[in-house]
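This is what each chain is made of:
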Amino acid sequence: MSLNSLRILPLGGLGEIGKNMMVYEYEDQILIVDTGIMFPENDMLGIDYIIPDFQYIINRRDKVSGIVITHGHEDHTGAIAHVLEEVDAPIYATPLTRGLLEVKLARRGLLEKAQMHTVQAGEKIQVGVFEIEFAHVCHSIPDGVALGITTPEGLIVHTGDYKFDHTPVDNWPTDYAKLSEWAGRGVLALLADSTNADTPGWTPSERVIDPAFDQVFREAEGRILVASFASLISRMQQVGKAALNHGRKMAFVGMSMRENAKMATQLGYLDFPDDLIVPLDQALKMKPKEVVLMCTGSQGEPTSIMGRLATGRNRQFDVQEGDTIVLSSHPIPGNEETVYRTINKLFQRGANVIYDPIAPVHVSGHASQEEMKLMLHLVKPKYLIPIHGELRHLRQHGKMAEELGIPPENIAVVENGQIIEFEDELMRISNRVPGGYVFVDGSRVGDVGPAVVRERESLSRDGFISVSVLVDKDLYQLRDPEIITRGFVYKYEADELRMDINETVEDVLSISKNGKGKKAIEGELERALRNMFHEKSRRRPMLFTNVDIV
Ligand SMILES: [Zn+2]
Ligand SMILES: [Zn+2]
């Protein structure tokens with residue numbers, strides 16, 4: 001690895017959807033772009049969210065010159081507090097993104113400490129050796145930017161999340177001129193969003209949601225509940241507009257929704273008449289036909305409002321007969337099962353649930369294939385590094401670039417942790433650093449490793465069984481083994497189970513006679529029991545073994 005090279009290191013978002021985080025490093029200076037989180041998959045029990053493994057940065061914390069956040073979505077902002085706990089560096093963001101970051105930091109008591117700087121699309125800043133320009137891009141949240149990063153090795157364009165929407169809700173289209181101006185200067189490498197790389201054509205404009213909402217509001221007889229992300233500010237605006245047109249009042253449910261809406265209104269990103277928004281307790285007293293409630297939980301997250309409503313655990317109100325519930329988002333890949341389970345439960349509770357593709361109540365905020373090609377033509381990079389996507393998306397993106405004439409050796413399809421180096425206009429795949437998961441469980445970070453998640457998984461599936469044995473120093477049993485089971489369904493009789501366990505214990509004890517210690521015998525017993533269960537029932541309950549030698 002050469003010190004006089006530009007090193008680009010993805011710590012998150014490559015090989016997965018979510019927890020986007022990119023490191024740009026030159027000599028002893030580091031620029032971080034985005035600090036995102038990812039929502040856990042179904043089988044990651046009890047995990048609230050996942051942050052990138054940024055040990056690489058922790059080891060070089062004095063070198064971080066700055067952190068730039070491209071837009072306000074969780075998969076780009078969610079880990080900011082975790083990063084700030086380790087790294088003391090200025091943060092640069094556009095006004096709305098900054099507002100969303102501040103809501104997050106305030107909640108963790110880190111706002112005082114954070115050095116926040118507002119940047120505007122079209123501006124230029126210097127962060128160490130990196131000169132960064134910001135170009136406005138459309139997405140499903142206002143105030144997103146692509147970055148033009150001038151490094152000693154050349155100009156790098158980092159798109160963030162984008163689409164080419166000609167009629168965005170905030171009437172502010174993507175800055176084509178800036179993108180092509182960068183091309184005119186010569187772009188060394190493009191790092192571009194690949195989320196929708198397997199979606200042909202163009203992503204429809206966000207406007208197409210308006211008629212769909214209009215129809216929902218026209219037909220709903222009772223309350224309307226709209227579920228979305230707390231950071232989907234433009235969706236709040238669209239729901240507000242429909243409410244206004246159909247004579248309903250709007251209430252925000254849940255702290256993150258309320259705080260974000262308040263902040264976005266103060267900054268002028270939400271424009272509502274004063275009397276449109278009412279507090280939740282007032283909305284709950286009004287006639288059902290007169291209100292729309294905006295809540296979190298479009299991904300069926302168990303701790304969100306929609307997740308709690310689906311399971312009847314929400315404190316302030318329940319789903320009632322006649323409610324119309326609109327899920328205004330696509331399931332994030334991997335979340336489909338949770339989302340559809342939530343939808344089924346909401347139906348069971350008497351609601352009418354409307355979701356894409358039943359009605360176009362959501363459009364993607366990401367570029368589809370034709371837009372990705374347009375981006376390549378506008379920016380004209382020498383090299384392409386597809387970012388934001390599972391491996392299949394990154395590959396697909398690379399394939400498209402090849403069709404457009406970028407030589408395959410100039411396309412780097414890599415996953416998290418792979419360093420890419422640029423020196424004298426040449427790209428080289430360099431060494432790898434760990435780029436894994438850090439689980440956040442409650443407020444604890446990193447305590448819960450994959451092993452714990454695996455344990456929770458096997459507990460939930462096969463229960464546990466504890467076998468306790470009391471022996472004298474010659475390893476003769478002083479009483480029958482004590483057997484305790486929980487959540488353990490066994491197809492044959494408990495007596496038979498007891499006999500099998502007794503037999504296994506006897507076997508293990510008889511081959512352990514030659515002076516083995518407690519720990520060794522417990523381990524052996526665990527292995528033997530595991531084999532026995534697997535043979536008899538193909539189940540893998542969690543096993544606890546205890547051998548007391550008196
Ligand atoms: Zn986004
Ligand atoms: Zn994103």
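Residues numbered from 1 in each chain as written. Chains lettered and ligands numbered in written order. Predicted model: local features only at pLDDT ≥ 70, side-chain atom pairs only at ≥ 80, totals over all residues. Heavy atoms only, no water.

### Looking at the coordination of the zinc ion (ligand 2)
Thought 1: Within the protein, Asp75 (OD), His76 (NE2) and Asp161 (OD) serve as the donor atoms for the zinc ion (ligand 2), at 2.1 to 2.2 Å.
Thought 2: Between consecutive donor residues of the zinc ion (ligand 2), the sequence gaps follow D-H-x84-D.
Thought 3: Separating the zinc ion (ligand 2) from the zinc ion (ligand 1) is a gap of 3.3 Å, bridged by Asp161, which donates to each. Separated by 86 residues along the polypeptide, Asp75 in helix H2 (residues 74-77) and Asp161 in the loop between strand E11 (154-158) and helix H5 (176-185) bring together distant segments of the chain. (Donors = N, O, S within 2.8 Å, 3.2 Å for Na, K, Ca; no water. Helix = DSSP H or I, 4+ residues; strand = E, 2+ residues; numbered from the N terminus.)

### Comments concerning the pattern of salt bridges
Thought 1: A complete count under the given rule lists 30 salt bridges for this structure.
Thought 2: In this structure, the salt-bridge partner of Asp210 is Lys241, at a minimum N-O distance of 3.4 Å. Of this pair, Asp210 sits in helix H6 (residues 209-219) while Lys241 sits in helix H7 (residues 233-245), and the two are 31 residues apart along the sequence.
Thought 3: Via salt bridges that share partners, Glu133, Lys178, Glu181 and Arg185 belong to a single interconnected network. (Salt bridge = Lys/Arg side-chain N within 4 Å of Asp/Glu carboxyl O.)

### Section: the coordination of the zinc ion (ligand 1)
Reference values for angles at a metal are 109.5 degrees in the four-donor tetrahedral case and 90 or 180 degrees in the six-donor octahedral case.
Thought 1: Protein coordination at the zinc ion (ligand 1): the donors are His71 (NE2), His73 (ND1), His139 (NE2) and Asp161 (OD), at 2.1 to 2.3 Å from the metal.
Thought 2: Written as a sequence motif, the donor arrangement for the zinc ion (ligand 1) is H-x1-H-x65-H-x21-D.
Thought 3: With a relative accessible area of 5%, His139 lands in the buried category. (Buried < 20%, exposed > 50% of the residue type's maximum accessible area, 1.4 Å probe, protein only.)

### Here we look at helix H13 (residues 391-403)
Thought 1: With 13 residues, H13 extends 18 Å between its outermost C-alpha atoms, agreeing within 8% with the 18 Å of an ideal straight helix rising 1.5 Å per residue.
Thought 2: Along H13, the residues that are buried comprise His393, Leu394, His397, Gly398, Met400 and Ala401. For H13, the arc enclosing every buried residue in end-on projection is 160°, short of the 170-degree limit, so these residues lie on one face. Opposite the buried face of H13, at more than 90 degrees from it, the exposed residues are Arg395 and Glu403. (Expected span 1.5 Å × (residues − 1). Arc of directions from axis to C-beta.)

### A closer look at the pairing of strand E13 (residues 224-228)
Thought 1: Along E13, five of the five residues are buried, which leaves the element largely enclosed by surrounding structure.
Thought 2: Note that E13 and strand E15 (residues 291-296) share five bridges and pair parallel. Residue pairing for E15: Ala227 is matched across the bridge by Cys295.
Thought 3: Examined bridge by bridge, E13 and strand E16 (residues 324-327) share four bridges and lie parallel to one another. Residue Ala227 lies in a different strand from E16, and its bridge partner there is Leu327. (Pairing = 2+ DSSP bridges.)

### Regarding H6
Thought 1: Buried residues of H6: Ile209, Asp210, Ala212, Phe213, Val216 and Phe217, and no others. The arc that holds every buried residue of H6, seen down its axis, measures 165°, which confines them to one face. Of the exposed residues in H6, the ones pointing more than 90 degrees away from its buried face are Pro211, Arg218 and Glu219.
Thought 2: For H6, the secondary structure elements touched by its buried residues are E13, H7, E15, E16 and strand E17 (352-355). (Contact = heavy atoms within 4.5 Å.)

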